[in-house]
Amino acid sequence: MNKQALEAIAQAMVAEGKGILAADESTGTIKKRFDNINVESTADSRRDYREMLFRTEAAMREHISGVILFDETLRQKAADGTPLAQLIADAGSMPGIKVDGGAKDLAGHAGEMVTEGLDGLRERLAEYHGLGAKFAKWRAVINIADGIPSAACLTANTHALARYASLCQEAEIVPIVEPEVIMDGSHSVERCYEVTSAALTQLYAQLAEQDVHLEGTILKPNMVVSGTAHAEQAGVQQVAEMTLDCFKKCVPEAVPGIVFLSGGQSDEDATAHLDAMNKIGGLPWKLSFSYGRALQAAPLKTWLGDAGNVADAQAAFAHRAKMNGLAAQGAWDAAMEG
Ligand code: 13P
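Residues numbered from 1 in each chain as written. Predicted model: local features only at pLDDT ≥ 70, side-chain atom pairs only at ≥ 80, totals over all residues. Heavy atoms only, no water.

## A short note on the pattern of salt bridges
At step 1: Following the criterion strictly, the structure yields 22 salt bridges and no others.
At step 2: Salt-bridge contacts for Lys-104 lead to Glu-116; the nearest nitrogen and oxygen are separated by 3.3 Å. You can see Lys-104 sitting in strand β4 (residues 103–105) and its partner Glu-116 sitting in the loop between β5 (113–115) and α7 (121–130), a full 12 residues away along the chain.
At step 3: The salt bridge involving Asp-245 is made with Lys-249; its shortest N-O contact spans 2.9 Å. With Asp-245 and Lys-249 both in helix α10 (residues 236–250) and 4 residues apart, this pair spans about one turn of that helix.
At step 4: Under the relative-accessibility criterion, Lys-249 is labelled exposed at 60%. (Salt bridge = Lys/Arg side-chain N within 4 Å of Asp/Glu carboxyl O. Helix = DSSP H or I, 4+ residues; strand = E, 2+ residues; numbered from the N terminus. Buried < 20%, exposed > 50% of the residue type's maximum accessible area, 1.4 Å probe, protein only.)

## Overview of α10
At step 1: The end-to-end C-alpha separation of α10 is 21 Å, in line with the 21 Å expected for 15 residues at 1.5 Å each.
At step 2: Tucked inside the fold, the buried residues of α10 contact α9 (189–209), β9 (257–260), α11 (267–280) and β10 (286–291). (Expected span 1.5 Å × (residues − 1). Contact = heavy atoms within 4.5 Å.)

## A few points about empty space enclosed by the protein
At step 1: A full pass over the atoms with the stated rule returns 2 cavities of 30 Å³ or more.
At step 2: By volume, the largest cavity is sized at about 60 Å³.
At step 3: Lining the largest cavity are Glu-180, Val-181, Met-183, Cys-192, Asn-222, Met-223, Val-225, Leu-261, Ser-262, Gly-263 and Gln-265.
At step 4: Split into classes, the residues belonging to the lining of the largest cavity amount to 6 nonpolar, 4 polar and 1 charged. (1 Å grid on protein atoms, 1.4 Å probe; cavity = no way out; pocket = protein on both sides within 12 Å on 5 of 7 lines; lining within 4 Å. Points joined across faces, edges and corners; volume = space filled by probe spheres on them. Nonpolar A, V, L, I, M, F, W, Y, C, P; charged D, E, K, R; others polar.)

Here is the structure:
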């Protein structure tokens, strides 16, 4: 393991005022996003859309430290023949790769999932390293409901995350470890806090057991929020305080950075929450973003698959990237949304 190389990548991923663009939607997920705007999902339309994002200089150069790609995108070329990963590198950002095989039903545990993809991962990581990937992502899904999550679900998912992280570091790729506690459900914010704490505690126990070098990892968690169907929704300040309280108890100081997922929050909520946490400050790790939907919803609905809308869609993406870059420094204000 080249610890220095891993640490340098992890530090660059959370450079001041920068965060990650999660553009690693699987073929099935991007089809759903395109269905919403009546665009057919083909290899070319996916390429055109993502090329548009990666060519948004104002966003990429100033606010996006890295982009998580799906396998297809890491191998794709822009319309002019430039590899898309090269476009990202040319903008001073880093290409990363989603390597998990998706969350599948956990046998014997109705309503729970376990993420697959460890078989053959060593060989895939070696290939991805050759294709220029600097970091990787593996997402575990933890649902909250009556009696859920089970101990079996937390153990299986955090064990897989640790095995994945160790393989990544062997390949000189920084692992983003993502234990996502899903916000869908009627649970309270206190219940989200409890489950997030349990997941993070187990995750760091498993990472320690597999001798993962924490300084060469990045954590991608959910925030501590109310279930979407819960009657009372925690406000911005409460989400910020409960999330930080939870993380201070569960996330070792050796971790260089925490980049949140947006998980279905509105664009502005995702920004406001991140900003509120950074305004509180005094934290041992950098706190930034690794948003998928909260960065892409605006450019997607502006683009609509029409080349004539590219400049406006790029402006919409650049705006969200800038707002989140400010939030990563605790320097955002709602009035800036215009
Ligand atoms: P969202 O920000 O849309 O939750 O996506 C981030 C991500 O990569 C989930 O794995």
